[in-house]
Amino acid sequence: KVLCTVGILAGLLAFFWRDTFNPDSISGARVLLTGASTGIGEQMAYHYSKFGAEIVLTARRETLLRKVMEKCLQLGAKKVFYIPDDMSSPQAPERVVQFALQKLGGLDHLVLNHIGSTPFRMWEGDVEHTRWLLQVNFLSYVALASAALPILAESKGSLIVVSSLTGKVSTPFTTSYSATKFALDGFFGSLRHELAMQKQDVCITLCILGLINTEVALEKTRDKVYLSAYPADEAALAIIQGGATRAREVFYPWWLELVCRLRDWFPDQRDVVIQSFYNYTST
Ligand code: NDP
């Protein structure tokens, strides 16, 4: 009982006692942002630009990256470059980090945000797809982080990892995707310990997002999920603020933190509530 009360009090203290965000801390910051051509990544590119950052954007589609770059320059980015690459290639992470170093001369924030396309439906046994998705959503994050860590250690920088509620609490129709997001929590949680033990001042921020109104997410979940989608530009800002204030975790919307904290206390009731948000008949 005592331990439980102390735990709740510590959680409440941490919840209210957060660093306040100072936009000046991002002015001139050197940022490498993945998955920057659409969705939340595109919105992050625009926020970083308004705060005066120097940015390298990456994703596969060059035409979209060029458009995002042009808008970033209009919005006030100090410098913007882009490099089209495919994170299913094991060589891509090293190429992209080297490009960013060459263009920016260092790195303050590495934002890992891209995801490979995956169906939103019941598991049908496609192990090969899971293998590919692990490469794009997980192994490329590990490789990007490994290539950038020595540089982030020099700048006392931030490693920002975009995850999902589905990377903390299991949900239906997301088997492979969920596995890749749980893997991020395990890997980067362990790495956070090791950095602290080695007294390396690199902060790791894991961002847990709910349903966000990006084109792809809305299209996939239509008629299948009874949840409101939250705005992508707000999600993007929450991620950037969390990284800049060196938060351990970011929850957007905020109430996901309660869901995550309670997840292990009432597992049966939790699963019934989760299933009630999904339409089983339309998949
Ligand atoms: P989008 O599908 O809109 O964007 C995905 C980005 O990844 C695009 O820029 C895409 O560009 C890029 N990408 C896709 N495949 C590859 C690849 N093989 N190599 C390199 N880049 C690739 O996703 P969201 O904006 O919705 O999601 C962003 C993050 O937020 C993800 O980590 C996701 O898990 C997380 N999230 C999103 C939620 C939502 O409801 N939207 C909910 C919870 C978490 P291109 O096709 O040009 O390569």
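Here the structure is shown first, and the text comes after it.
Computed from a predicted structure; not experimentally measured.

(A) Up close: the nonpolar core. One finds L32, L107, L112, L159 and F188 to be the most contacted residues of the largest nonpolar core, which totals 44 residues. Breaking this core down by element, the ones donating at least two residues are α4 (92–104), β4 (109–112), α5 (127–155), β5 (158–164), α6 (175–197), β6 (203–209) and α9 (256–262). Per element, the largest residue contribution to this core is 11 residues, and it comes from α5. Filtering out sequence-adjacent residues up to four positions away, L159 remains in contact with L110, L112, A145, L152, F188, L191, C203, I204 and T205. Listed in part, the 36 residues of the second largest apolar core include I26, F51, C72 and V250.

(B) Region of the structure containing the packing of aromatic side chains. Under the defined criterion, the tally for this structure stands at seven aromatic pairs. Here the aromatic rings of F120 and F173 are separated by 5.6 Å at their centres, their planes lie at 75°, and the arrangement is edge-to-face. Of the two residues, F120 is situated in the loop between β4 and α5 and F173 in the loop between β5 and α6; the sequence distance between them amounts to 53 residues. Pair check on accessibility: F120 and F173 agree, each one buried. Residues F173 and Y278 carry aromatic rings whose centres are separated by 5.6 Å and whose planes lie at 75° to one another, so their mutual orientation is edge-to-face. Here Y278 lies in the segment after α10 (267–276) and F173 lies in the loop between β5 and α6, a separation of 105 residues in the sequence. Overall, Y278 belongs to the buried group, its relative accessible area being 15%. Members of the aromatic cluster, each reached through a chain of ring pairs, are F120, F173 and Y278. Sitting over the ring of Y46, K71 keeps its end group 4.4 Å from the ring centre.

(C) Region of the structure containing a nonpolar patch on the surface. A cluster of nonpolar side chains, W254, W255, L258, L262, W265 and F266, forms an exposed patch at the surface whose accessible area comes to about 660 Å². If you trace the backbone, L258 turns up in helix α9. Since its relative accessible area comes to 47%, L258 is described here as partly exposed.

(D) Representation of the pattern of salt bridges. Under the definition given, this model contains 13 salt bridges. Here R121 ties to E124 by a salt bridge, and the two come within 3.3 Å at their closest N and O atoms. Ionic pairing is found between E219 and R222, a salt bridge with its closest N-O pair at 3.1 Å. Connected through shared salt-bridge partners, K168, D185, E249, E257 and R261 make up one network.

(E) Representation of helix α3 (residues 62–75). Here α3 contains 14 residues, and its C-alpha end-to-end distance of 20 Å stays within 8% of the 20 Å for a straight helix at 1.5 Å per residue. Looking at α3, one finds that the buried residues are L65, V68, M69 and C72. Buried residues of α3 fall within an arc of 105° about the axis and therefore sit on the same side. For α3, the exposed residues lying more than 90 degrees away from the buried face are T63, K67 and Q74. Of the surrounding elements, those touching the buried residues of α3 are α2 (39–50), β2 (54–59) and β3 (79–84). G76 occupies a position one or two residues after α3 and carries a positive phi of about 120°.

(F) Broad picture of the sheet that holds strand β1 (residues 30–34). The strand order across the open sheet formed by seven strands is β3-β2-β1-β4-β5-β6-β7, and the pairing between neighbours is parallel. This sheet does not close on itself; its edge strands, each paired only once, are β3 and β7 (249–252). Each adjacent strand pair in this sheet contributes to an overall mean axis angle of 15°, direction not counted. Note: β1 against β4, three bridges, orientation parallel. When the bridges of β4 are listed, L32 appears paired with L110. With respect to the sheet, α5 is in contact with β1, β4 and β5, its orientation differing from that of β4 by roughly 165°.

Conventions and cut-offs
- Residues numbered from 1 in each chain as written.
- Predicted model: local features only at pLDDT ≥ 70, side-chain atom pairs only at ≥ 80, totals over all residues.
- Heavy atoms only, no water.
- Core = buried A, V, L, I, M, F, W, Y, C linked by side-chain atoms within 4.5 Å.
- Buried < 20%, exposed > 50% of the residue type's maximum accessible area, 1.4 Å probe, protein only.
- Helix = DSSP H or I, 4+ residues; strand = E, 2+ residues; numbered from the N terminus.
- Contact = heavy atoms within 4.5 Å.
- Phe/Tyr/Trp six-rings, centres within 6.5 Å; stacked < 30°, edge-to-face > 60°.
- Lys NZ or Arg CZ within 6 Å of the ring centre and 35° of its normal.
- Patch = residues over 30% accessible without salt bridge, like charges linked within 9 Å, V, L, I, M, F, W, Y side chains within 5 Å.
- Areas by Shrake-Rupley, 256 points an atom, 1.4 Å probe, with all protein chains shown as cover.
- Salt bridge = Lys/Arg side-chain N within 4 Å of Asp/Glu carboxyl O.
- Expected span 1.5 Å × (residues − 1).
- Arc of directions from axis to C-beta.
- Pairing = 2+ DSSP bridges.
- Axes fitted to C-alpha atoms, helices over the stretch in contact; angles between N-to-C directions.

Shape descriptors only; they carry no functional weight alone.
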